[in-house]
Amino acid sequence: MTRAIYPGSFDPVTNGHLDIIKRSAKIVDELIVGVLSNNSKSPLFSVDNRVKMLNEVVADIPNVKVMSFEGLLVDFANEVEANVIIRGLRAVTDFEYELQMSQTNMVLDSSLETIFLTTRLEYAYLNSSTVKEVAYHGGDISRFVPEPVLEQVTNYIIGLKENEDE
């Protein structure tokens, strides 16, 4: 059985992430979407909220499971008995970083393979930072994120702005 991990911050999950999840789920037996809890970043949403949003978004994909993790990806992979890491690539700059990470992971655990999926052109520009920036300035993010995420991001940004006004 091929069990893979698609790791990321998913802050918030975008249509590009969802596309990679759907495509990955077709080529592996089980896909674990690993939501990274990274204390060095200041995420918009808590890990629990990101896991909840992802669970809503992937509810109709039977072989996908969402879990949070901390620390090294190779340790998480060993914990869940995954043998493949899935990574999405938008541009050449992504490849350079992802290649280094893949090679590092291979040194740490030679049984772990990395598969790169290139993004569809319609999502090549898209990342979570862009979504947050557009949303913060009142732009329409409905083409960037799945429907359940749209409402959560919009409500969060409204609350954030109300707190700034106080």
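Note that the coordinates shown come from a computational prediction; the quantities given were computed from them, not determined experimentally. Numbering of residues begins from 1 in every chain and follows the order in which that chain's sequence is written. Local features in a predicted model are, by the rule used here, given only for residues with pLDDT of at least 70; side-chain atom pairs are given and counted only at 80 or more, and totals for whole chains, interfaces and linings are based on all residues. Heavy atoms from the whole structure form the basis of all side-chain values; hydrogens and water molecules are not counted.

1. Quick look at helix 5 (residues 128-136)
At step 1: Burial in helix 5 covers these residues: Ser 128, Val 131 and Ala 135. Within helix 5, the buried residues cover an arc of 60° as seen down the axis, which keeps them to one side.
At step 2: The N-cap residue of helix 5 is Asn 127: its side-chain oxygen and the backbone nitrogen of Ser 129 are 3.1 Å apart.
At step 3: Downstream of helix 5 by one or two residues, Gly 138 has phi in the positive range, about 80°. Relative accessibility thresholds used throughout: buried, under 20% of the residue-type maximum; exposed, over 50%; partly exposed, between the two (1.4 Å probe, protein chains only). Every helix listed is a DSSP run of H or I at least four residues long, and every strand listed is a run of E at least two residues long, numbered separately from the N terminus. The directions from the helix axis to the C-beta atoms are what the arc is built from. In protein, a polar contact means a hydrogen-donor-capable atom and an acceptor-capable atom, both N or O and within 3.5 Å, with residues adjacent in sequence counting only if both atoms are side-chain atoms; elsewhere, any N or O pair within 3.5 Å suffices.

2. Looking at the layout of surface pockets
At step 1: Space inside the largest pocket adds up to approximately 1100 Å³.
At step 2: Lining the largest pocket are 43 residues, with Pro 7, Gly 8, Ser 9, Arg 87 and Glu 98 positioned closest to its centre.
At step 3: Those elements that place two or more of their residues in the lining of the largest pocket are strand 1 (3-8), helix 1 (15-27), helix 3 (73-79), strand 4 (84-89), helix 4 (92-108) and helix 5.
At step 4: When residues in the lining of the largest pocket are grouped by element, the largest group, 9 residues, is from helix 4.
At step 5: Three categories are distinguished: nonpolar for Ala, Val, Leu, Ile, Met, Phe, Trp, Tyr, Cys and Pro, charged for Asp, Glu, Lys and Arg, and polar for the others, with Gly belonging to the last. Of the residues assigned to the lining of the largest pocket, the class counts are 17 nonpolar, 18 polar and 8 charged. A cavity here means a set of points on a 1 Å grid, drawn over the protein atoms and nothing else, where a 1.4 Å probe fits but cannot get out; a pocket is an open set with protein on both sides within 12 Å along at least five of seven lines, and a residue lines either one if it has an atom within 4 Å of a point. Grid points are joined across faces, edges and corners, and a volume is the space filled by probe spheres set on the points.

3. Description of unusual backbone geometry
Leave glycine aside and you will find that most residues have negative phi; peptide bonds, for their part, are mostly trans.
At step 1: Residues Asp 11 and Pro 12 are joined by a peptide bond in cis, for which omega reads 0°.
At step 2: Of note, Pro 12 is situated in the loop between strand 1 and helix 1.
At step 3: The phi dihedral of Phe 10 is positive, around 55°, even though this residue is not glycine.
At step 4: Secondary-structure assignment places Phe 10 in the loop between strand 1 and helix 1.

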